[in-house]
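An overview of the molecular structure
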Amino acid sequence: MISPVKSSLEHQLKALLPRGRVLISAAQLAGYGADGLGYKNHLPDAVVIPADAEELAGFMCGAKALGVPVVMRGAGTSLSGGPVAAQGGVVVHTSALKKILEINTEGFWCEVECGVGLNDLDAALKPYGVFYPPDPSSGPVCTLGGNVASNAGGAHCFRYGVTSNYVLGVEAVMLDGSVHCFGGPAGGRGSWREDWKRFMIGSEGTLAAFTRFWLRLLPLPEKVWTFRATYPDLKTTEAAIHALVAHSSYPAAIEMLDPRGVAMVESSQMACGLPGGSFMLLVEIDGPEALVNARVEAVAEILRHAGSQDVMFSDQDEIRKKLWKARKASGGLLGQLSPSYVVQDAVIPKRALAEVLQLVYDEADAAGIRAVNVFHAGDGNLHPNFLFDSRVPGELEKVELISKRLMQRVIEVGGTLSGEHGIGNDKSAYMPLVFGPDSMRLQLAVPAAFNPAHQMNPLKVFDNRHFIA
Amino acid sequence: MTPSLHSPTSPPDYFSNCTHCGFCLAVCPTYQLTGDENNSPRGRLRLWSEEAAGRLPQDEWTDFYTAECVGCLACETACPAAVPYGEIFEHIRHEHVATHRFSPKLPLRLAAAAVAYPALFNLAMLPARLLRSAGLGVHRFLFPGRPAILKSTAAYAGELMHRHRPTGPRVAFLTGCLMEAAFREINFATVRVLIENNVQVIIPGGQGCCGAFQEHTGLDGVETLRERNRRAFGPLEVDAIVSNSSGCGYALGKTLPPDKPVRDVLAFLGELNPVRRHRAKDDATRVYVDLPCHLVHGQKAPGIPANVLDATGYRWELAPNAKDCCGSGGVYNIQKPENARAILAGKSAFLNEAEGSPVILATSNHVCMMQWHSAGATGLVTRPYEVKHLIQLLDPGEDFSIPPASPQS
């Protein structure tokens with residue numbers, strides 16, 4: 001039975017969304033309890049699916065009066081708990097806002113609605129010879145709204161940079177229904193100072209609802225070469241990474257799979273002949289054909305010189321795909337190994353890599369938790385994956401304790417909490433490890449300026465950010 | 001320690017493989033249609049597992065979202081965690097029907113009962129064969145064709161085997177229920193193509209419906225049907241068991257033991273490099289190939305071999321989004337006609353502008369053919385086009401002989 005309170009909420013929502021959908025029954029809310037962190041569940045009181053941007057804006061006009069939290073959601077692939085209703089309320093699913101409004105090849109920008117899928121955008125851009133560089137692994141399904149909200153990265157962000165480098169403008173709707181443009185197609189042409197656009201990017205749904213973006217594009221690289229090499233130990237792997245980072249060939253991506261990751265791949269149906277106990281490096285260079293071709297041998301030599309005896313490289317799509325196979329397969333294989341996993345997203349100075357990796361191994365082994373490391377080695381963005389079974393009492397607590405110790409050490413060596421996944425409610429408890437009381441107070445004032453009662457995505461980023469009706 | 005992969009045995013265990021990554025959303029036709037997470041594989045798995053764990057009471061919305069699933073299995077291909085969604089879905093659907101949470105439409109229940117008795121089903125479908133044979137398209141699903149009215153595929157294959165005496169590999173052919181009862185001309189063409197390629201064709205007696213009908217509807221009786229086919233195909237000493245319908249082939253594949261793999265007839269022919277049809281130089285026919293879900297997502301085939309498509313002699317290309325569902329989904333277009341039509345509308349729009357004269361939409365599953373035919377019959381596609389099974393495009397016709405073996409072979 002639906003309670004009178006719910007019934008009243010349903011009534012109000014239906015009035016706000018005459019064309020869209022309002023989901024209110026328990027079984028309609030179940031699917032919206034979690035994001036990519038499937039084991040952390042927070043059920044909303046309702047879900048709305050606006051039919052279009054206009055209806056979303058209309059909903060925002062009346063949202064404040066609902067007196068419940070408002071949580072934006074794209075495809076729900078986030079790994080930080082960002083798009084879940086941690087304090088209940090209404091989840092706004094932007095799945096219908098998937099129009100690519102303009103591709104401007106003269107100005108190298110495009111205008112897209114917030115629900116456009118990342119790979120759908122890529123496919124639409126390709127015939128024009130342009131691309132949008134950020135490439136989180138969830139590309140086949142994630143939306144640009146989520147990418148901008150969490151300032152997403154990806155393998156090629158080592159050279160290309162993360163989402164914030166490519167957002168020219170954000171159209172956002174505040175809780176009073178007012179529509180604001182932060183930047184625009186030409187940059188700086190919005191109703192706000194250009195630099196304040198950055199408040200929006202990475203704001204994790206705590207400020208406003210995004211409706212559309214103007215994104216910067218680049219010409220598609222003429223040529224791509226992919227390299228794969230394995231190393232017997234971390235020392236030689238590190239030597240290769242340092243040499244690659246310092247070299248003028250400036251790789252687009254430097255990815256690493258640790259021996260536990262290699263073992264996982266090799267004992268699965270995705271095995272590709274990597275030596276047992278080895279560290280795998282995956283490197284990519286791209287750009288104008290003549291320039292990139294001239295650099296191929298130098299990159300291969302760096303990889304060999306650091307101690308690899310099995311450097312493989314190719315510019316052929318089929319072979320490149322094979323070289324990427326172990327790296328690409330690893331995320332999914334985690335799911336085959338374990339019912340649940342936590343993936344951390346710490347960024348550390350590269351000099352601390354060996355020490356932090358050892359800490360991951362020691363802590364995980366002591367707790368009897370399996371750990372696999374698959375990460376963006378070029379920019380020191382670690383992704384230790386802790387595999388566990390959330391149905392076994394105590395396992396989640398063990399993993400959370402390991403995560404906390406890891407984060408403490410990450411901060412001590414000068415690193416930070418998140419490279420690309422966002423803080424959400426998964427890492428909010430670690431915020432005070434990085435930021436002092438003054439800094440926390442001032443940062444909290446930002447969402448408070450946009451929605452004083454913290455109605456937008458409460459309990460995210462700051463775990464004391466409650467919505468008080 | 002060597003990681004061991006899950007080998008799920010009971011439904012509650014299945015759910016644990018899903019890490020909630022969401023990769024299935026992008027390929028799910030009902031999520032794409034509705035934008036509702038509950039109407040996606042990840043959402044449905046969540047509903048079923050929450051209910052199984054006792055955290056969610058039985059709810060008519062769970063029944064609704066379960067019934068919405070097309071069963072195309074595109075999510076299995078997209079799933080990095082190898083969740084056996086199809087198996088779970090089949091289990092849940094059967095449970096929903098058994099507990100009256102969902103009831104298949106009456107004609108489907110009658111048909112499901114009838115397919116268990118091939119002779120009866122053949123008789124019941126006699127009007128369909130007569131109407132098609134007379135060139136009368138009276139139903140949106142009845143694509144044109146000239147099936148034999150009385151002669152069975154088994155009798156026909158016997159005659160051709162006797163006449164041509166092929167000496168190559170021996171195959172056992174699953175003739176299917178609807179395929180045999182309504183679209184028999186495709187079976188006849190399959191027999192001709194196989195024999196022309198020097199394949200010995202055996203039609204095992206006692207075979208019956210593969211059980212896909214029961215799987216699609218969630219009705220009882222699938223195990224009886226499977227057992228009958230195990231008895232019919234199991235003891236045979238043949239080089240391959242072949243099916244010309246990817247859905248039936250997939251269902252029979254699940255029935256027989258791993259040492260009796262069921263091959264799609266086109267994949268089997270691909271290995272033989274089939275005899276090529278020659279077309280006139282100025283032939284402007286264009287063939288658009290659509291790949292059935294149960295071929296690429298069910299049987300996990302990479303597609304239809306290019307040498308088989310080349311052997312049609314026509315200029316061909318894959319239909320846009322060829323690996324996406326057309327909305328047929330076994331009996332989905334009868335259970336959920338509105339959704340099926342919306343899915344088909346997206347898939348078939350290209351035909352209105354497609355180059356070629358004539359234009360042929362070719363695939364390798366009769367229920368997909370029915371669905372594609374309905375695009376014209378219901379006005380989604382307004383220009384003329386034909387729907388063909390690919391085997392029909394390799395058909396030598398009645399008057400053929402087995403070409404002498406080339407020196408290389």
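Parameters at a glance
Residues numbered from 1 in each chain as written. Chains lettered and ligands numbered in written order. Predicted model: local features only at pLDDT ≥ 70, side-chain atom pairs only at ≥ 80, totals over all residues. Buried ≥ 20, exposed ≤ 12 C-beta atoms within 10 Å, placed from the backbone. Helix = DSSP H or I, 4+ residues; strand = E, 2+ residues; numbered from the N terminus. Contact = placed C-beta atoms within 7 Å. Nonpolar A, V, L, I, M, F, W, Y, C, P; charged D, E, K, R; others polar. Pairing = 2+ DSSP bridges. Axes fitted to C-alpha atoms, helices over the stretch in contact; angles between N-to-C directions.

1. Points about helix H16 (residues 265-272) of chain B
All names here are of chain B. When H16 is considered as a whole, its buried residues turn out to be Val-265, Leu-266, Ala-267, Phe-268 and Leu-269. Buried residues in H16 make contact with strand E1 (170-174), helix H12 (184-196), strand E3 (240-243), strand E4 (262-264) and helix H18 (306-311). Directly beyond the C-terminal end of H16, a positive phi value near 55° is found at Asn-273.

2. What about the interface of chain A and chain B?
Listed by partner, the interface residues are 32 residues for chain A and 29 residues for chain B. Among the secondary structure elements, those contributing two or more residues to the side of chain A that touches chain B are helix H2 (26-29), helix H11 (317-337) and strand E16 (340-343) of chain A. By residue number, the principal contributor to the side of chain A that touches chain B is H11(A), which donates five residues. Split by residue class, the side of chain A that touches chain B holds 14 nonpolar, 17 polar and one charged.

3. Quick look at the pairing of strand E5 (residues 286-289) of chain B
Bridge analysis of E5(B) against strand E6 (residues 315-318) of chain B gives four bridges, and the strand direction is parallel. Residue pairing across strands places Arg286(B) opposite Arg315(B), the latter belonging to E6(B).

4. Examining the sheet that holds E1(B)
Adjacent strands of a sheet form backbone hydrogen bonds with each other and so pair up, either parallel or antiparallel. Residue and element names in this part refer to chain B. Read from one edge of the open sheet, four strands run E2-E1-E3-E4, paired in parallel fashion. With partners counted over all chains shown, the strands left at the sheet margins are strand E2 (200-202) and E4, one partner each. Strand-to-strand, the axes of this sheet are offset by a mean angle of 40°, without reference to chain direction. Bridge count between E1 and E2: three bridges; the pairing is parallel. By the bridge assignment for E2, Ala-172 is matched with Ile-202. The strands touched by helix H15 (residues 246-255) are E1, E3 and E4; relative to E4, the strand with the most contacts, the crossing angle is about 165°.

5. Describing the pairing of strand E17 (residues 370-376) of chain A
All names here are of chain A. Judged by how many residues are buried, E17 sits mostly within the fold: six of seven residues are covered. When strand E13 (residues 253-257) meets E17, the two strands line up antiparallel, connected through three bridges. Of the residues in E17, the one forming a bridge with Met-256 is Phe-375. As paired elements, E17 and strand E18 (residues 384-388) share four bridges and run antiparallel to each other. Each bridged residue has a counterpart across the sheet, and for Val-372 the counterpart in E18 is Asn-385.

Honestly, that's just the spatial picture; any functional story needs more than this.
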